[in-house]
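Structure at a glance
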Amino acid sequence: MDEAMDSQKSSVTAEMETEGANNDIPKSNLTDGKDDPFDVPKKPEMKKDCLMMENTQDDQASQNSMECETAGGLEEPGHTVDINMTAQMHCSNGQKSKRPNSPDPHPVKTTCVAAHSSNPKPNCLSYSPNKAMGTPTNMEMLSPDSPIGKPPLANDSVYWDPDSPAFAEHTGSSVDPVQGCRQIVEDDSVRLAKDKAQSVTMVTEDAEKPECSGSSDIKQDSTRIQAGVTSGSVPFSMDDMDRSWLGTSIDELNRMPQCAPPLAHMKAGPHHTVIIRTDLLREGQVPIPYPSKFREVWDDVSVKMPCCEKNLFPMESEDGSGVQSRWELIQTALEGEFKSSLDVRDAILRYNTAHAKRWDFTALNLLCTEYLEHPEVQHLFDIVLPAMVKLALSAPRLCTSAIPLLKSRMNHSLTLSQEQIACLLANAFFCTFPRRNSRKSEYCNYPEINFYRLFEGSSPKKIEKLKTLFCYFRRVTQNRPSGLVTFTRQCLNNPPNWESSQTQLTRLHITCKGTIEDDGYGMLQVDFANRLVGGGVTGLGLVQEEIRFLINPELIVSRLFTEALEYNECLIITGTEQYSKYSGYAESYKWKESHKDETPRDDWQRRCTEIVALDALKYRNFLEQFHPDKMIRELNKAYCGFFRHNVNSEHLSAVATGNWGCGAFGGDTRLKALLQLMAAAEAGRDVAYFTFGDAQLMRDVHEMHTFLTERQITVGRLYGLLNQYSSVVCKNCRMARPDVSLYGFIHERLSSPTPADAADPAKDSGMSPVTSDCH
């Protein structure tokens, strides 16, 4: 803000006022104390988790201070699980399935569809095998024999030496298989298909029961037998029962960089800010900042940098009106020697005095005093933290140009070097960014960027997050990264006319194993995002989005300049690097080891990793999501992330996605799968869908996709069927969930066309298919 000195003094003083931020000081909520080193009283001879190892693990955290929902699921205080409720499972890189996402247990007869039947006659309302099906887990859980729980070896220097080849041996984890969910059926009503052409009617449970990897503390709900709406039979392939994937082979789907056309020479423009020397961009060389000298900008459209001269701090004087340079105070505080976590705390509070009584550094202190061996602590304070200080204080040299705010309703890109991002994240760690600690400031509609919440409380999740991020900082301070990362805010101003679309569904690969980041490499990878990107990454959240931001920490810097996403917007991030591997999910998350990212780079020296942040709606009840306005909103949101202007479909990578918005946000997995398939088809992309252990969902979605594609059902026709389901089934439903499943309804309508099937969907629903902002 360019104001007179008096105005600056008053505004700086105002910033020092109390900020009503809530402290999230969680308690450990681990399910198996014997497997968790944090749940055991500390003993001098017990080996602790090694922080500075070459190996790192991902976490995800909740953002309590933002008072907004984290896509993928925040912890819900006071939420208890009854034995009769659906199993809560932690799926690797997935979401908690807190309840069945199919209709409530009501009578429904089911039959199965052969995956590759040439002439299926579907009249089933839902699908389920007639006996228990188990899916191998893909989650690594720490075993009781893990070195974390073993006493240290004598003179075991390799344990804390991050560059030692034997170092990783101390963080090995073993697979802790989780029993697949059982499906209980009524024996006298169930027959197994013996011939693929023979009709089989089964009475089974229609509730979604994902077979997820995760915590061994899995509660299974009491099963209810469903019977009811009569339908015919469909051939069923028994071979599909034991398969871990269905549909198109994932190797046939487009990946970057193979499918991408050559990139034009990078240059800045009205819609693209580049703050490095593009003319000197060379493979393997650290990009040079542009311009060569720091240009101070202090306005409402750019990031207010801590090194700006107008970043002032009140100082004591006789009349109480003095100010001093806050950057000089930051330099003085951080250049002092760090011997303990208390020194780090005191340094940060010297230039954040207004928060001295509220900010809590318990997690940082516990990491240094209880979870690290003395050599590890010494390495942290002698090597890593001083290097981080040097990196943070190099901001005037590295970040010389103004960094634009990516505000709502903007279509704009920002390209930074990985080294510039590391500098900004080091400043975030030391909480130097001005005006970013209060929800009352001009940044109230932006995510938190300063890391003060990361230091709060005694939750083991915070310890694992700190390990993951310290691994990143050790890596980037030892070896300067040489690539670029582009952040693009994209706004959809002209959405498709879904009702009239003649587009056919594209190819589908669906699997109950693997993860988006590992198996979806080179594809457009979906981040199940919060509208404040990153969600609770610096707080308590530790689900899909937060984990991704931790293993690819360069994503975190997007919180510095990205305003909350609107209903028709997304954020696309290209080029981030993965620095860590992890095991577990949510409460069971553990930093595992350092990861060397071998993803190739494009001509702009960006890793060919493209991530799109899409925030789903949160529903108050199950039926709400079937309202036409809600479905259109999700279609447009997904399409906004998948669509690329003036790019042919052969040059577009497949979408790697999963159960978007189906955890704490209450989305129905089967509806969300269809909506994403429709949006991807309209955008010209194939889909790789990861069910995160749910084998039944994999079979259901594949069978529906096959059923629709064999009949050449267009996106517009399918949209009409969704609207009919809303108006015919959901609108007049007086129960929490309808009797008729969505997939069963579609099968019945397409197998036995009725006059209603040809009616106008908007008329059927009584709604105008107009997008609305449903946040």
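Up top is the structure these notes are about.
A short tour of the structure in this document, coming up. (Residues numbered from 1 in each chain as written. Predicted model: local features only at pLDDT ≥ 70, side-chain atom pairs only at ≥ 80, totals over all residues. Heavy atoms only, no water.)

For Lys630, the location among the structural elements is in helix 12 (residues 628-642). With a relative accessible area of 17%, Lys630 lands in the buried category. Put simply, Lys630 and Leu617 are 13 residues apart on the chain and 8.0 Å apart in space, counted from C-alpha to C-alpha. A distance of 3.4 Å separates the side chain of Lys630 from the side chain of Glu624, its partner in a polar contact. (Helix = DSSP H or I, 4+ residues; strand = E, 2+ residues; numbered from the N terminus. Buried < 20%, exposed > 50% of the residue type's maximum accessible area, 1.4 Å probe, protein only. Polar contact = N/O pair within 3.5 Å; in protein donor to acceptor, adjacent residues only side chain to side chain.)

Moving on to helix 4 (residues 362-370). Every buried residue of helix 4 is accounted for by Ala363, Leu364, Leu366, Leu367 and Cys368. Buried residues along helix 4 sit in contact with helix 3 (341-350), helix 5 (374-392) and helix 8 (460-478). (Contact = heavy atoms within 4.5 Å.)

Bringing the nonpolar core into the picture now. Core analysis: the biggest nonpolar cluster contains 96 residues, and Met305, Leu385, Phe430, Phe455, Phe470 and Phe561 have the highest contact counts within it. At nine residues, helix 5 tops the list of elements feeding residues into this core. Grouped together as the second largest cluster of nonpolar side chains are 72 residues, Ile250, Phe626, Leu674 and Leu742 included. (Core = buried A, V, L, I, M, F, W, Y, C linked by side-chain atoms within 4.5 Å.)

Our next topic: the packing of helix 12 against helix 13 (residues 669-683). Between helix 12 and helix 13, the least distance of the axes is 8 Å, while the angle of their chain directions is 45 degrees. In terms of orientation, helix 12 lies oblique with respect to helix 13. When the axes of helix 12 and helix 13 are compared, the crossing they make is right-handed. Only Leu671, Lys672, Leu675, Gln676, Met678, Ala679, Ala680, Glu682 and Ala683 of helix 13 make contact with helix 12, whose side of the interface consists of Met631, Glu634, Leu635, Ala638, Tyr639 and Phe642. Classifying every residue of the contact of helix 12 with helix 13 gives eleven nonpolar, one polar and three charged. (Axes fitted to C-alpha atoms, helices over the stretch in contact; angles between N-to-C directions. Parallel < 35°, antiparallel > 145°, perpendicular 65-115°, else oblique. Left-handed = near helix turned anticlockwise from the far one by under 90°. Nonpolar A, V, L, I, M, F, W, Y, C, P; charged D, E, K, R; others polar.)

Note that every value here comes from positions in space, so none of it alone points to a role or purpose.
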